[in-house]
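# A structural walkthrough
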Amino acid sequence: MTQQVGNPEATELVTLDGSAGAVLVDLDAGPGTPSVRVTKPLSGVPFVDLRSVHGAIRGDIDAAIAGVLDRGDFILGQAVEEFEAAFAAYCGAAYAVGVDSGFSGLELMIRALGIGAGDEVITAANTFVATVGAIEAAGARPILVDIDPATFNLDAAQVGAAVTPATAAILPVHLYGQPADMDPINEVARRHGLAVLEDAAQAHGARYNGARTGSLGHAAAFSFYPAKNLGALGDGGMVTTSDPEVAERLRLLRNLGTTRKYHHDVRGFNHRLDTLHAAVLRVKLASLDEANESRRRAASLYRDLLPAGVMAPIEAPWAEHVYHLYVTRIGDRDDAIRYLAERNISAMIHYPIPVHLQPAYADLGYGLGDFPVAEEIAGQILSLPMYPGIPVVAVAQVVEAIEGFLRG
Ligand SMILES: *Cc1c(COP(=O)(O)O)cnc(C)c1O
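Rules and cut-offs
- Residues numbered from 1 in each chain as written.
- Predicted model: local features only at pLDDT ≥ 70, side-chain atom pairs only at ≥ 80, totals over all residues.
- Heavy atoms only, no water.
- 1 Å grid on protein atoms, 1.4 Å probe; cavity = no way out; pocket = protein on both sides within 12 Å on 5 of 7 lines; lining within 4 Å.
- Points joined across faces, edges and corners; volume = space filled by probe spheres on them.
- Helix = DSSP H or I, 4+ residues; strand = E, 2+ residues; numbered from the N terminus.
- Nonpolar A, V, L, I, M, F, W, Y, C, P; charged D, E, K, R; others polar.
- Near = heavy atom within 4 Å.
- Polar contact = N/O pair within 3.5 Å; in protein donor to acceptor, adjacent residues only side chain to side chain.
- Areas by Shrake-Rupley, 256 points an atom, 1.4 Å probe, with all protein chains shown as cover.
- Sits in = over half its atoms within 2 Å of the grid points.
- Axes fitted to C-alpha atoms, helices over the stretch in contact; angles between N-to-C directions.
- Parallel < 35°, antiparallel > 145°, perpendicular 65-115°, else oblique.
- Left-handed = near helix turned anticlockwise from the far one by under 90°.
- Contact = heavy atoms within 4.5 Å.
- Core = buried A, V, L, I, M, F, W, Y, C linked by side-chain atoms within 4.5 Å.
- Buried < 20%, exposed > 50% of the residue type's maximum accessible area, 1.4 Å probe, protein only.

### Structural notes on the layout of surface pockets
Gaps left between atoms show up when a probe the size of a water molecule is rolled over them. Of the pockets and cavities examined, the largest pocket occupies roughly 460 Å³. Lining the largest pocket are 29 residues; nearest its centre among them are Gln 202, Tyr 225, Lys 228, His 324 and Tyr 351. Looking at the lining of the largest pocket, the elements that each hand over two or more residues are helix 4 (102–112) and helix 5 (129–137). Among the elements that take part in the lining of the largest pocket, helix 4 stands out by supplying 3 residues, more than any other. Considering only residue class, the lining of the largest pocket consists of 16 nonpolar, 9 polar and 4 charged.

Structure (structure tokens):
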């Protein structure tokens, strides 16, 4: 990717984009702080652009959709079973059960473990609101725990102190695409006889000490929201597990408790994964690793180029991070977003207000100061454009703009 320019300035300037010669990095700016100059800027940089992902496999997607239309098996059809088998194998789990969203996956996973009213489920204070909503939808009580400031994930060292006689499960979130530190979490769970349930909605394909998310606890829930690392053309989700009884209960719960048509031994819901989505997801699963690799390359380019005034995400030694989001820390975060927006660069915040400070969750009983790390980073985090196939010039343009912002 790095290429010397064959001219007298060759010792100072390096082009990062051989095709366009559009990005120049001044190596004289000092180690770790290259000064980036984009000579042929794009008109703007979107936060996410999925066209390159879908464009490359458009023919296969069209054929998958046509196959479902031809068979007409729109509900729990052939493609659902095929995709479930492929996804389970991909994660290293014995079973996968398709559902209609990540939220449903979390809720049904908790219910399938027999967890509900009177039970407490421990999760991370900085998670997306859906994690907490799903715990409550299952009838259980969410208990929040602060995060590790280095990885932005559940602080395993604080989990033990949150365990009470009512605790039934620990639900770590692999936030932004980086697996939580599972060994100590599993150890606390083993000591207290708790279930460990993964929220893997942002971490399809990520690895913890070599093992994929979806295989790191008793069960895991994934989201196929379009912008997730593996996204449907609408809503979808999946629960993986290696426990055959949990898998069986999940199949009943997602489909009205149906054992045989019109025979219902348990009460269930309608949370099935559509055949059409499963067919498309099966096609997209084949290129998930490639897409994640592309995200990781973009992350490493950001890391190399970003100036010292921005804190790049820290990859934990156990993690193969898949960068669902590229989340940095910066002072004057809100001014930085405005500065980038004025230059047609879209940056976002994940998430600006921790769940316990959201009006909707005031009755959880927490207040300002309860989770100092989650609260502090909420005011500093900045998610930069990140998607598979993001052009080198786009990354450089973001870095150039941030350098401009920091210069003031
Ligand atoms: C996206 C997401 C969910 C919810 O998934 P949906 O498919 O949108 O219902 C849950 N948890 C986390 C961490 C997420 O990012």
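So much for the structure itself; the text now carries on.
### Some remarks on the site of the ligand
Taken together, 14 residues lie around the ligand, and Gly 102, Asp 199, Gln 202, Ser 223 and Lys 228 are the ones closest in. One of the backbone N or O atoms of Gly 102 is found 2.7 Å from an oxygen atom in the ligand. Here an oxygen atom of the ligand and a side-chain polar atom of Gln 202 are 2.8 Å apart. Notes on the ligand: free accessible area 380 Å², of which the protein chains cover 91%. Taking a 2 Å distance to the grid points as the criterion, the majority of the atoms of the ligand fall inside the largest pocket. Residue contributions to the shell around the ligand peak at 3 residues, all from helix 4. Broken down by class, the residue content of the shell around the ligand amounts to 6 nonpolar, 6 polar and 2 charged.

### A word on the packing of helix 11 (residues 333–342) against helix 13 (residues 392–407)
Packing of helix 11 against helix 13 leaves a shortest axis separation of 10 Å and a crossing angle of 125°. The orientation of helix 11 relative to helix 13 falls into the category oblique. The element helix 11 and its partner helix 13 pack so that their crossing is right-handed. Packed against helix 11, whose contacting residues are Asp 335, Ala 336, Tyr 339 and Leu 340, the element helix 13 presents Val 398, Ala 401, Ile 402, Gly 404 and Phe 405 at the interface.

### Here's the deal with the nonpolar core
In this structure, Val 23, Ile 170, Tyr 302 and Leu 384 are the most contacted members of the largest nonpolar core, which totals 80 residues. Looking at this core element by element, the count peaks at 10 residues for helix 13. Contact partners of Ile 170, with chain neighbours within four places excluded, come to Ile 122, Leu 154, Val 159, Ile 185, Val 188, Ala 189, Leu 194, Ala 195, Val 196 and Leu 197. Counting 27 residues, the second largest nonpolar core, distinct from the first, contains Ala 64, Ala 79, Phe 87 and Ala 88.

### So, the packing of helix 4 against helix 8 (residues 244–254)
Two elements in contact, helix 4 and helix 8, have axes separated by 9 Å at closest approach and are oriented at 125°. By the criterion of interaxial angle, the relationship of helix 4 to helix 8 is oblique. Handedness of the helix 4/helix 8 crossing: right-handed. Packed against helix 4, whose contacting residues are Leu 108, Met 109, Arg 111 and Ala 112, the element helix 8 presents Val 246, Arg 249, Leu 250, Leu 253 and Arg 254 at the interface. Classifying every residue of the contact of helix 4 with helix 8 gives 6 nonpolar, no polar and 3 charged.

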